[in-house]
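# Residue-level structural notes
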Amino acid sequence: MNQNKNIFLSGERPPAREYKDRLFRMVFKEKDQFLELYNALNGTAYDNPDDLTVTTLENAIYMGMRNDVSYLLYDRLALYEHQASINPNMPLRNLFYVSDIYSGLTKDTNLYGSKLVRLPEPQFVVFYNGADELPERSILRLSDAFSHKGGEPKLELEVLVLNINPGFNLDLMEHCRTLREYMAYVDTVRKYARETDFPEAVDRAIRECLAKGILADFLSRNWAEVKKVSIYEYDEEKHIRQEREDAMEEGLQRGETLRLVTQVLKKYEKGLSPKETADMLEEELSVIEEIYLLKQKFPEWTEKEIVNKILEKEIDVCS
């Protein structure tokens, strides 16, 4: 077997890249660095990077997603992901990834025959370095997503989540210099990002890390690409954070509106006038009148349906 060839390409020209590499993927898609991380994580001492077979997906089967790095090492299949935000859907995503990988590994076997087709045992790991608090180690399970659980899950997939922020998983960091230096670079970028605009922060971080010998060879070879990827990841994380804040704000607004609608409808059912209800609840009369008009116009609506229409502004309550 050609160890340097992605097992899914079969000698064909790779498809055009549709997504930017992430910095974690850029660093650990190199076999030497991946093997170092694998050994540190599993307490092994493999020393021949050519024993690794690339199984990283360029385009996964679901929504064009692509995993970060995955390799086959003898009878073990390691799928490693980096996350800078909490993502409870990693077990499902890894299910898609490993299904695609197994399809590639078994494409020349007889799945309908009487002989058992052997599969490499998978290992799913997420390396987390986001700003939200997470424990040092945690487990995400596919079964957590099941709407109904009837006892022991018939399908399960567990993902180990390792917090690699400063102060966490020190033994792993001690045994994997590349991971330690990767986080040193990330922390240096974060330090300068508090002082200047982000592109300048990345430049300053790269210069400092080069001077200190942190990821020196990697950064010297990939300065321009590292800068582009770092800015891309920063913008993506900022977008995710803003979406989360918007969702929280919307949730608070929806909760407060539901509380008010519930109180107003109780007064409505008792026959109080909008003016009396507004005085009792110390709310604007126009707000109370809007709720009264909606209930009069759509008497079958639930409280939540009234809240939806108030927030969406789809109904002209005065018509």
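As shown above, the structure is provided for reference.
Residues numbered from 1 in each chain as written. Predicted model: local features only at pLDDT ≥ 70, side-chain atom pairs only at ≥ 80, totals over all residues. Heavy atoms only, no water.

For the rest of this paragraph, the subject is the overall build of the protein chain. Counting secondary structure elements, the protein chain contains 10 helices and six strands. A total of 319 residues make up the protein chain; the buried ones form 40% of that total. A sequence separation of at least 24 residues applies to 61% of the contacts in the protein chain between residues at least 6 apart. For the protein chain, the accessible area works out to roughly 18700 Å², and carbon and sulfur atoms hold 50% of it. (Helix = DSSP H or I, 4+ residues; strand = E, 2+ residues; numbered from the N terminus. Buried < 20%, exposed > 50% of the residue type's maximum accessible area, 1.4 Å probe, protein only. Contact = heavy atoms within 4.5 Å. Areas by Shrake-Rupley, 256 points an atom, 1.4 Å probe, with all protein chains shown as cover.)

Mapped onto the secondary structure, Leu-294 falls in helix H9 (residues 285-297). By relative accessible area, Leu-294 is classed as buried at 2%. Note: C-alpha distance between Leu-294 and Ile-310 (16 residues apart in sequence) is 8.9 Å.

Another point: H9. Here H9 spans 18 Å end to end across 13 residues, near enough to the 18 Å set by a 1.5 Å rise per residue. Among all positions of H9, only Ile-288, Glu-290, Ile-291, Tyr-292, Leu-294 and Lys-295 are buried. (Expected span 1.5 Å × (residues − 1).)

In this section: the packing of aromatic side chains. Following the criterion strictly, the structure yields 11 aromatic pairs and no others. On the basis of an interplanar angle of 40 degrees and a centroid distance of 4.8 Å, the ring pair of Phe-24 and Phe-28 is categorised as tilted. Of this pair, Phe-24 and Phe-28 are both found in helix H1 (residues 23-28), four residues apart, which corresponds to roughly one turn of the helix. With respect to burial, Phe-24 and Phe-28 carry one shared label: buried. Measuring from centroid to centroid gives 4.5 Å for Phe-34 and Tyr-71, while their planes differ by 50 degrees, and the two rings are tilted. Placement of Phe-34 in helix H2 (residues 31-42) and of Tyr-71 in strand S2 (residues 69-73) is noted, with a sequence separation of 37 residues between them. The same class applies to Phe-34 and to Tyr-71, which are both buried. Grouped by ring-pair contacts, the aromatic residues Phe-24, Phe-28, Phe-34, Tyr-71, Tyr-80, Phe-127 and Tyr-182 constitute a single cluster. We note Lys-191 situated over the ring of Tyr-192; from NZ or CZ to the ring centre the distance is 4.5 Å. (Phe/Tyr/Trp six-rings, centres within 6.5 Å; stacked < 30°, edge-to-face > 60°. Lys NZ or Arg CZ within 6 Å of the ring centre and 35° of its normal.)

Now for the packing of helix H5 (residues 177-193) against helix H6 (residues 198-212). It is at 8 Å that the axes of H5 and H6 come closest, and there the two elements cross at 135 degrees. Overall, the two elements H5 and H6 adopt an arrangement that is oblique. The two elements H5 and H6 cross, and the hand of that crossing is right-handed. Where H5 abuts H6, its residues Tyr-185, Thr-188, Val-189, Lys-191, Tyr-192 and Ala-193 lie against Phe-198, Ala-201, Val-202, Arg-204, Ala-205, Ile-206, Glu-208 and Cys-209. Here the residues of the contact of H5 with H6 are counted per class, giving 10 nonpolar, one polar and three charged. (Axes fitted to C-alpha atoms, helices over the stretch in contact; angles between N-to-C directions. Parallel < 35°, antiparallel > 145°, perpendicular 65-115°, else oblique. Left-handed = near helix turned anticlockwise from the far one by under 90°. Nonpolar A, V, L, I, M, F, W, Y, C, P; charged D, E, K, R; others polar.)

A few words now on the sheet that holds strand S3 (residues 76-83). With mixed pairing, the six strands of this open sheet are ordered in space as S1-S2-S3-S4-S6-S5. Both edges of this open sheet fall to strand S1 (52-54) and strand S5 (137-141), since each of them pairs with a single strand only. Strand-to-strand twist in this sheet, taken as the mean axis angle between neighbours without regard to direction, amounts to 25 degrees. Each of S1, S2, S3, strand S4 (121-128) and strand S6 (158-163) touches H2; the most contacted strand, S3, lies at about 100 degrees to it. Each of S2, S3, S4, S5 and S6 touches helix H3 (residues 90-105); the most contacted strand, S3, lies at about 145 degrees to it. (Pairing = 2+ DSSP bridges.)

A few words on the packing of helix H8 (residues 274-281) against H9. In contact at an axis separation of 9 Å, H8 and H9 are set at 125 degrees when each is read in the N-to-C sense. One element, H8, and the other, H9, form an angle in the oblique class. The chirality of how H8 crosses H9 is right-handed. Contacts from Pro-274, Lys-275, Thr-277 and Ala-278 in H8 reach Leu-285, Ile-288, Glu-289 and Tyr-292 in H9.

What follows covers the pattern of salt bridges. Enumeration over the complete set of coordinates arrives at 13 salt bridges. With a shortest N-O distance of 2.6 Å, Glu-181 and Arg-177 are connected by a salt bridge. Of this pair, Glu-181 and Arg-177 both sit in helix H5, separated by four residues, roughly a single helical turn. On the basis of relative accessible area, Glu-181 is assigned to the buried category, the value being 13%. Bridged by salt links that share partners, the residues Lys-191, Glu-208 and Lys-212 form one connected network. (Salt bridge = Lys/Arg side-chain N within 4 Å of Asp/Glu carboxyl O.)

All right, on to the environment of Met-183 then. Relative to the elements of secondary structure, Met-183 occurs in helix H5. Look at Met-183 and you get buried, because its relative accessible area is 4%. A C-alpha to C-alpha distance of 7.5 Å links Met-183 and Ile-164, two positions 19 residues apart in sequence. Here Met-183 is in contact with Asn-129, Ile-164, Asn-165, Pro-166, Met-173 and Arg-190, once residues within four sequence places are set aside.

So, on to the nonpolar core. Phe-24, Tyr-80, Phe-127, Leu-179, Tyr-182 and Tyr-185 are the most contacted members of the largest nonpolar core, which totals 44 residues. It is H5 that provides the largest number of residues to this core, a total of seven residues. If near-sequence neighbours (up to four positions away) are discounted, Tyr-80 is found in contact with Phe-24, Phe-34, Leu-37, Tyr-38, Leu-41, Asn-42, Asp-68, Val-69, Gln-123, Val-125 and Phe-127. Ranked by size, the runner-up nonpolar core spans 16 residues in total, among them Leu-57, Tyr-97, Tyr-102 and Val-159. (Core = buried A, V, L, I, M, F, W, Y, C linked by side-chain atoms within 4.5 Å.)

Any link to function would need more than the numbers given here.
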